[in-house]
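# Structural overview for review
Below, each chain spelled out in residue letters.
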Amino acid sequence: MLWKINYNKGMRIAVISDTHDNLPNFKKAVEWIEKEKIKMIVHCGDVCSAGTLKEAIENFSGRVHLVFGNVDETNFCPTENDFQKSFLNVIFHKKRGEIKTGKKKIAFVHFPELARELAASRDYDLVFYGHTHKPWQEKIKNCLLINPGNLAGLFYQATFAVYNSENNKLELKIMSQLNLKK
């Protein structure tokens, strides 16, 4: 299902992946995202547990779009009504999500192989993915393929990305350099 996000002007989207139950980093990232008035988070999988997701986004006023990674499927049961009701601002997309903001059509997945297929299809302007934990950006045909890195800080330093659809700019945010002073 394609979610259309209707904003007259562009919007900023925080892109997160591979949290792996690192609740302090997840909460810090969400606090920064909220402070910056970013109203959408795209999570490319491997949150790990529903409890981590719930606690990290409890004060987030925006919407979270989430796909499942290889360690999520056994820890989440989004088909159960009670479970879904406890995550009113989360849209669970299972293995692949799609959103459209302005004229930009965006897909997001966990696995890089699927991300490359989607980017090569010419159906999307951007494709976000995770799994490798390594921040990465490349262009395939006319599509930007982007990995925001990982929030867990496993194998590489903890990072996430912010995409601005108004000016088509992407910024990598390094967790250790986030400024949360009021």
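Before reading further, recall that the structure is shown in the block above.
Criteria and thresholds
Residues numbered from 1 in each chain as written. Predicted model: local features only at pLDDT ≥ 70, side-chain atom pairs only at ≥ 80, totals over all residues. Heavy atoms only, no water. Helix = DSSP H or I, 4+ residues; strand = E, 2+ residues; numbered from the N terminus. Buried < 20%, exposed > 50% of the residue type's maximum accessible area, 1.4 Å probe, protein only. Contact = heavy atoms within 4.5 Å. Areas by Shrake-Rupley, 256 points an atom, 1.4 Å probe, with all protein chains shown as cover. Salt bridge = Lys/Arg side-chain N within 4 Å of Asp/Glu carboxyl O. Phe/Tyr/Trp six-rings, centres within 6.5 Å; stacked < 30°, edge-to-face > 60°. Patch = residues over 30% accessible without salt bridge, like charges linked within 9 Å, V, L, I, M, F, W, Y side chains within 5 Å. Pairing = 2+ DSSP bridges. Axes fitted to C-alpha atoms, helices over the stretch in contact; angles between N-to-C directions. Core = buried A, V, L, I, M, F, W, Y, C linked by side-chain atoms within 4.5 Å. Arc of directions from axis to C-beta.

## Brief notes about the overall build of the protein
If you tally the helices and strands in the protein, you get 4 helices and 12 strands. Buried residues in the protein amount to 51% of all 182 residues. Pairs at least 24 residues apart make up 58% of the contacts formed inside the protein by residues separated by at least 6 positions. Carbon and sulfur atoms provide 48% of the accessible area of the protein, an area that totals close to 9,200 Å².

## Considering the pattern of salt bridges
Counted under the stated rule, the structure contains 5 salt bridges. Here R116 makes a salt bridge to E138, at a shortest N to O gap of 2.7 Å. Note that R116 is positioned in helix α4 (residues 112-120) and E138 in strand β9 (residues 136-140), a separation of 22 residues in sequence. K173 serves as the salt-bridge partner of E171, at 2.9 Å between the closest nitrogen and oxygen.

## With respect to the packing of aromatic side chains
Tallying each qualifying case throughout the model produces 4 aromatic pairs. Ring centres of F68 and F92 lie 5.9 Å apart, and the angle between their planes is 20°; on these two criteria the pair is classed as stacked. With F68 in the loop between β4 (63-66) and α3 (81-85) and F92 in strand β5 (residues 90-92), this residue pair connects regions lying 24 residues apart in the sequence. Plain terms: the ring middles of F87 and F92 are 5.8 Å apart, the flat faces sit at 90° to each other, and that makes the pair edge-to-face. Aromatic rings pair up to connect F68, F87 and F92 into one cluster.

## Brief notes about a nonpolar patch on the surface
On the surface, L154, F155 and Y156 cluster together into a nonpolar patch covering about 340 Å² of accessible area. Position of F155 among the secondary structure elements: in the loop between β10 (143-147) and β11 (159-164).

## Examining the sheet that holds β11
Strand order in the open sheet formed by 6 strands is β5-β4-β3-β2-β11-β12, and the pairing between neighbours is mixed. The open sheet is flanked by β5 and β12 (169-174), the only strands paired with a single partner. Along the sheet, successive strands turn relative to each other by an average axial angle of 20°, direction set aside. Here strand β2 (residues 12-16) pairs with β11 via 4 bridges, running antiparallel. Within the sheet, the bridge partner assigned to R12 lies in β11 and is N164. Contacts from helix α1 (residues 23-35) reach β2, β3 (40-43), β11 and β12 within the one sheet, and its direction differs from that of β11 by about 25°.

## Describing the nonpolar core
If you look at the biggest cluster of nonpolar residues, it comprises 28 residues, and the most contacted ones within it are F26, I33, I41, L53, I57, V90 and F160. Counting only elements with at least two residues in this core, the list comes to β2, α1, α2 (50-56), β4, β5 and β11. With 6 residues, α1 is the single largest residue contributor to this core. Excluding residues that lie within four positions of it along the chain, I57 makes contacts with F26, V30, V64, F87, N89 and V90. Counting 16 residues, the second-largest nonpolar core is a separate cluster that includes M11, I106, L126 and A161.

## Side note on α4
P112, A115, L118 and A119 are the residues of α4 that are buried. For α4, the angular spread of buried residues about the axis comes to 120°, placing them on one side. When the buried face of α4 is taken as reference, the exposed residues oriented beyond 90 degrees from it are E113 and E117. In this fold, the buried residues of α4 make contact with β6 (96-101), β7 (104-109), β8 (126-128), β9 and β10. At the exit of α4 stands R122, carrying a positive phi of roughly 70°.

Geometric descriptors of this kind do not, in isolation, establish any biological role.
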